[in-house]
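Spelled out from the first residue to the last, the chains are:
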Amino acid sequence: MHRTSLAVRIALCAFLSVASGGCFWVTTKAEGKTLRRKVDTLEEQAAKQEQALPKLQEVLEQATKLLARNSADIGLQVGSLSEEMKSLNGLVQEAKRLTEEVRDASARQEQRLQALENRVAAMETRSVATQKTAAQLWDEGNGALKAGRYEDARTALRQLLVKYPSDERADDAQMARGEAYYKEKKYQESLGEFQRVFEKYPDSSLADDSAYRAGEAAEQLKWCTDARAYFGLLLQRWPKSDLIKKAKARDAELKKAAKDKKKCQAEK
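Overview of the structure. From a predicted model like this one, the values you see are computed outputs, not experimental measurements.

Details of the state of the cysteines
Should the sulfur atoms of two cysteines be covalently bonded, the bond is a disulfide.
Piece 1. Applying the stated criterion to the full structure yields one disulfide.
Piece 2. Bridging cysteine 224 to cysteine 264, the disulfide has an S-S length of 1.8 Å. Between cysteine 224 and cysteine 264 the disulfide shows an S-S torsion of about -85 degrees. By sign, it is left-handed. You can see cysteine 224 sitting in helix α8 (residues 224-237) and its partner cysteine 264 sitting in the segment after α9 (244-256), a full 40 residues away along the chain.
Piece 3. By relative accessible area, which is 7% here, cysteine 224 ends up buried.

As structure tokens, then:
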């Protein structure tokens, strides 16, 4: 019915348009009510949206304030972290400086000790009526070492090192001095002698052996950290050494025993 009347009106409008040059849209009473309801609905929805607008505005303002407050808090936290990082960096630099000072002091002490030993050896050498050759001093020192006369061995070997520092047996003499101390269980002294081998003769075939023996001496002193450092040095500098497997095994064992006070203790 509705569709029929609409079609009739359209046709009538078309006829009138031709006849009179214009047409006006005519709505029924039912259609007017429908349009009114739609308009009322739209106005009601618009009114609700207008009522909700202040609440939305308030929520937006609160969110803006919260965001600003959080941003400020984050800024303070970032600033605090930055200050802490600066402080930590300062502590690291100070630790590095102290480490360098200790290392330099240790090196100076080592130099003074070596100079004193050289002076003693020089005096001992001058006191000998007959000047001995490097070969003779080596044979004397090596023979005394094998015979268990460790002090005599060290004396002869020291004379060799002082008088003939460039002799081909100098690295052997230095290593043998370490062994002489080690045999007497003077592990701290032996450690120093072994260390001089790879420091003074880095290209020697005994360099890797001396690092390993220094590690063993440190282990005897229960200086596990130092011992691991010597074994680690061997692994780093002489990766093709025959002692690699043994060094890895000792390092692993010491790592496990790090908290065992019977096996490891702080250096004195």
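Now that the structure has been shown, the text picks up again.
Re the nonpolar core
Piece 1. Counting residues in each nonpolar core, the largest one holds 29 residues, and the members touching the most others are Leu191, Phe198, Leu234 and Trp238.
Piece 2. Within the residue set of this core, elements represented by two or more residues are α5 (170-183), α6 (187-200), α7 (207-220), α8 and α9.
Piece 3. Once residues within four sequence positions are removed from consideration, phenylalanine 198 is found in contact with Ala207, Ser210, Ala211, Tyr230, Leu233, Arg237 and Trp238.

Focus on α5
Piece 1. Taking 1.5 Å of rise per residue, the 14 residues of α5 would be expected to cover 20 Å, and the 20 Å separating its terminal C-alpha atoms lies within 8% of that figure.
Piece 2. In terms of burial, α5 is a largely internal element, 12 of the 14 residues being buried.
Piece 3. All of the buried residues along α5 are Ala170, Asp171, Ala173, Gln174, Met175, Ala176, Arg177, Gly178, Glu179, Ala180, Tyr181 and Tyr182.
Piece 4. Following α5 by one or two positions, lysine 185 adopts a phi angle in the positive range, close to 65 degrees.

Some thoughts on unusual backbone geometry
One can expect most non-glycine residues to show negative phi and most peptide bonds to be in trans.
Piece 1. Phi is positive for lysine 185, close to 65 degrees, though the residue is something other than glycine.
Piece 2. Among the secondary structure elements, lysine 185 is positioned in the loop between α5 and α6.
Piece 3. Unusually for a residue other than glycine, lysine 222 sits at a positive phi of about 65 degrees.
Piece 4. Here lysine 222 lies in the loop between α7 and α8.
Piece 5. By relative accessible area, lysine 222 is classed as partly exposed at 31%.

Focus on the pattern of salt bridges
Piece 1. Per the counting criterion, the structure on display carries 12 salt bridges.
Piece 2. Residues glutamate 193 and arginine 196 are paired through a salt bridge, measuring 2.9 Å at the closest nitrogen-oxygen approach. Taken together, the positions of glutamate 193 and arginine 196, both in helix α6 and three residues apart, correspond to about one turn of that helix. Here glutamate 193 and arginine 196 have matching classes, each one buried.
Piece 3. Within this structure, Glu151, Arg154, Glu184 and Lys186 form a network of salt bridges that share partners.

How each quantity is defined
- Residues numbered from 1 in each chain as written.
- Predicted model: local features only at pLDDT ≥ 70, side-chain atom pairs only at ≥ 80, totals over all residues.
- Heavy atoms only, no water.
- Disulfide = S-S within 2.5 Å.
- Helix = DSSP H or I, 4+ residues; strand = E, 2+ residues; numbered from the N terminus.
- Buried < 20%, exposed > 50% of the residue type's maximum accessible area, 1.4 Å probe, protein only.
- Core = buried A, V, L, I, M, F, W, Y, C linked by side-chain atoms within 4.5 Å.
- Contact = heavy atoms within 4.5 Å.
- Expected span 1.5 Å × (residues − 1).
- Salt bridge = Lys/Arg side-chain N within 4 Å of Asp/Glu carboxyl O.

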